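# Structural overview
Letter by letter, the chains look like this.
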Protein chains: 2
Amino acid sequence: MSKHTISITKTTNPKPRPDENNLVFGKYYSDHMFIMDYDAGQGWHDPRVVPYGNISLDPAAKVFHYGQTIFEGLKAYRTDDNRVVLFRPDENWKRLNRSNDRLSIPAVDPEIAFEALCALIDVDREWVPSAPGTSLYIRPYVIATEPQLGVSPSTKYMFMIILCPVGAYYSEGLNPVPIHVESEYVRAVKGGVGNAKTAGNYAASLKAQEGAAALGYSQVLWLDGVHRKYIEEVGSMNVFFKINGTVVTPALNGSILEGITRKSVLQLLRSWNIPVEERELSIDELVEAHRNGKLEEAFGTGTAAVISPIGALHYQDEKLTINEGKTGELSSRVYDTITGIQRTELPDPFGWVVEV
Amino acid sequence: MSKHTISITKTTNPKPRPDENNLVFGKYYSDHMFIMDYDAGQGWHDPRVVPYGNISLDPAAKVFHYGQTIFEGLKAYRTDDNRVVLFRPDENWKRLNRSNDRLSIPAVDPEIAFEALCALIDVDREWVPSAPGTSLYIRPYVIATEPQLGVSPSTKYMFMIILCPVGAYYSEGLNPVPIHVESEYVRAVKGGVGNAKTAGNYAASLKAQEGAAALGYSQVLWLDGVHRKYIEEVGSMNVFFKINGTVVTPALNGSILEGITRKSVLQLLRSWNIPVEERELSIDELVEAHRNGKLEEAFGTGTAAVISPIGALHYQDEKLTINEGKTGELSSRVYDTITGIQRTELPDPFGWVVEV
């Protein structure tokens, strides 16, 4: 904290903390937030922890009109011995700056970002919940604030971090969900911003998500925008399939988000000597594998759920049930291991966990 | 104004108006703005004209994180006899709601939108500049304001209109610009949000625009995301080419914005009995036409510039100069006619102009 002087203003009006057994994702926010400003010529300046509250922006701020914004997502966990730990925060700062670069936003020094997060968590340490399965979701983000309607990179930005305590994603164990294979809409395409964690990707996904929900499916499986046949992601998660003993996930191709859980799952599987392939995977290959009884498991990976088993795929009026709609053995093993490492209940052979 | 009661609160602190001969696009804002709120279950409510000023939003507002926002752009002109007129505002409200639909945002009643704009312009009538070539740029937009980090459509929105006086786009006549044909990045793809006027499309374009500028080009010519060879748009404008006497523009294919100037240019050309084709147009066809001396003119169309002549295309280390880098005869005729109609200096055979 010594190098970058982060000023801290504590709230005089702390909020009651929500019941840890009834937390809803992204609904409750802690007492404080972190803000740092950027001005062209001056760089990032005035890092500060302040009481959580509304921000005031000019109605012409570029974020409202041209979507120049990026974000990250990670979690803090309270351990059994009452420490607070993060999972691979360095990976978030790396991706934050890859996203910044794609969106023509100035880089944020990872060291400052980490110190900012430490300072904020330190002030709101009591907001890290301790009930089983709960965690503190951390949302760092950058928004363009220059009040100017020309289509050009902003000269002003805010880097912010907000915190929300979130409940157990699975209250009664892993719950496989049915997924609709999307054939009308696409999420992203090579040459676009699909591999950046930026607002527009999520805005573009809402319509398809609503359509899938109307059909009774939890999420969509996205196909590529060029050939409309290669698997990309599931909802806002990366996706893995176990086919005849080999785990296959779409290769990073420029339109797929470089998930940190994805990367961790791959490292874990390889350490277990399970055959893993990162490559193009077509929906036709999946259908064929299912027909031959070789599509053994399927799951999404992301920060919120860690592992989200897929119980069935709905494709062209056909329903492909996977593993009888039950959570697969490997899916469970991956979930148990990663969440065990995250909560320091298991050894951390990869050095993924950082105490704050 | 009778049907929808728009409350009006006038500023007690009017700003000095900027020098009409030194207006910069999107930099100065008028004294007032229009706001209307949406809440699920209640619909759009509380339409109001208030003094222009910062808006206060929760840092978790969905617009910052998931880009659920759309906008429009149109202009008001002061006529020689001191009236204020708009150009085809109905088309803006139609497109606004097509964009809203794509982004899962509730529709805005076009009648309310028009009344809102009339009420706002009425209060800020003095802000419509009168110097030659100037106009009042109008920016209606919707932002998602619910403070909730789940990826789902917002339950709260704001519809706003802000106004900025803008200068003559061309101070010394139409000025042809050199354009870089973009081969690395793409703007949009079929199945995505390219035909919606939403923030993410503009965020995605910044990086390519910076690259073109570094090479000395004003803008990029976008190729399609699937085949990487069909022309889509130029910068944030639609694009037209005169090839051997026929005017060709890319057909609306789902990834191209349905420009109102584009539509007007097409109507005008057809009324002049000039052959017009809306179809797929590949960069190879353009290069071939140029080689054969048949690429006669090229221009972009949009609300800001109306017509922006293209003097040269930079493609694969080759520079294709068009019409000796000068503004074409047809480009000038289209520009003069549309701007003449917009300013009521020419007859309005299509009924495009609306007095407010």
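Predicted model only: the values in this text are computed from it and were never measured.

### Regarding the overall build of chain A
Scanning chain A from terminus to terminus reveals eight helices and 19 strands. A compact globule built from 356 residues would reach a C-alpha radius of gyration of about 21 Å, and chain A, at 21 Å, matches this within 12%. With respect to the principal axes defined by its C-alpha atoms, chain A has extents near 60 × 50 × 35 Å. Taking all 356 residues of chain A together, 62% fall into the buried category. Across chain A, contacts joining residues at least 24 apart in sequence account for 70% of those joining residues at least 6 apart. Summed over all atoms, the accessible surface of chain A reaches about 13500 Å², with 46% contributed by carbon and sulfur. One way to put it: in chain A the 35 positive side-chain charges average out to a point 1 Å from where the 44 negative ones average out.

### Thoughts on the packing of helix α6 (residues 260–271) of chain B against helix α8 (residues 329–342) of chain B
All names here are of chain B. At a minimum axis separation of 11 Å, α6 and α8 run at an interaxial angle of 110°. As the angle between them shows, α6 and α8 are arranged roughly perpendicular. Counted together, S264, V265, L268 and L269 of α6 and L330, V334, T337 and I338 of α8 form the full contact between these two elements. Grouping the constituent residues of the contact of α6 with α8 by class yields six nonpolar, two polar and no charged.

### Examining the interface of chain A and chain B
With 61 residues of chain A in contact, the opposing surface of chain B contributes 61 residues. With both chains or domains summed, chain A and chain B bury close to 5000 Å², and 58% of this area falls on carbon and sulfur atoms. Our count for the chain A to chain B interface comes out at two salt bridges. Mapped by element, the contributors of at least two residues to the side of chain A that touches chain B are β4 (55–57), α1 (62–66), β5 (69–71), α2 (89–102), β8 (135–144), β9 (156–166), α4 (199–203) and α5 (206–214) of chain A. The residue makeup of the side of chain A that touches chain B, split by class, is 33 nonpolar, 18 polar and ten charged.

### Concerning the relation of the copies chain A and chain B
Relating one copy of the chain to the other requires a rotation about an axis plus a shift along that axis. Of the transformation superimposing chain A on chain B, the axial component is 0.0 Å and the angular component is 180°, with the fit at an RMSD of 0.0 Å. Here the symmetry operator amounts to a two-fold rotation axis. A high fraction, 100%, of the interface residues of chain A reappear at the interface in chain B, so the copies pair face to face through one surface.

### Re the pattern of salt bridges
Counted by the stated rule, this structure contains 38 salt bridges over all chains. Notably, a salt bridge pairs R95 of chain A with E72 of chain A, separated by 2.7 Å at the nearest N-O pair. Here R95 of chain A is found in helix α2, whereas its partner E72 of chain A is found in the loop between β5 and β6 (74–78), with 23 residues between them in sequence. Residue classification places R95 of chain A among the buried positions, given a relative accessible area of 4%. On the basis of relative accessible area, E72 of chain A is assigned to the buried category, the value being 0%. Two residues, R88 of chain B and E91 of chain B, come together in a salt bridge whose shortest N-O distance is 3.9 Å.

Procedures and definitions
- Residues numbered from 1 in each chain as written.
- Chains lettered and ligands numbered in written order.
- Predicted model: local features only at pLDDT ≥ 70, side-chain atom pairs only at ≥ 80, totals over all residues.
- Heavy atoms only, no water.
- Helix = DSSP H or I, 4+ residues; strand = E, 2+ residues; numbered from the N terminus.
- Rg over C-alpha atoms; globule rule 2.2 N^0.38 Å.
- Buried < 20%, exposed > 50% of the residue type's maximum accessible area, 1.4 Å probe, protein only.
- Contact = heavy atoms within 4.5 Å.
- Areas by Shrake-Rupley, 256 points an atom, 1.4 Å probe, with all protein chains shown as cover.
- Lys, Arg positive; Asp, Glu negative; His and termini not counted.
- Charge placed at Lys NZ, Arg CZ, Asp CG, Glu CD.
- Axes fitted to C-alpha atoms, helices over the stretch in contact; angles between N-to-C directions.
- Parallel < 35°, antiparallel > 145°, perpendicular 65-115°, else oblique.
- Nonpolar A, V, L, I, M, F, W, Y, C, P; charged D, E, K, R; others polar.
- Buried area = accessible area lost by both parts, 1.4 Å probe.
- Salt bridge = Lys/Arg side-chain N within 4 Å of Asp/Glu carboxyl O.
- Least-squares fit on C-alpha atoms with pLDDT ≥ 70 in both.

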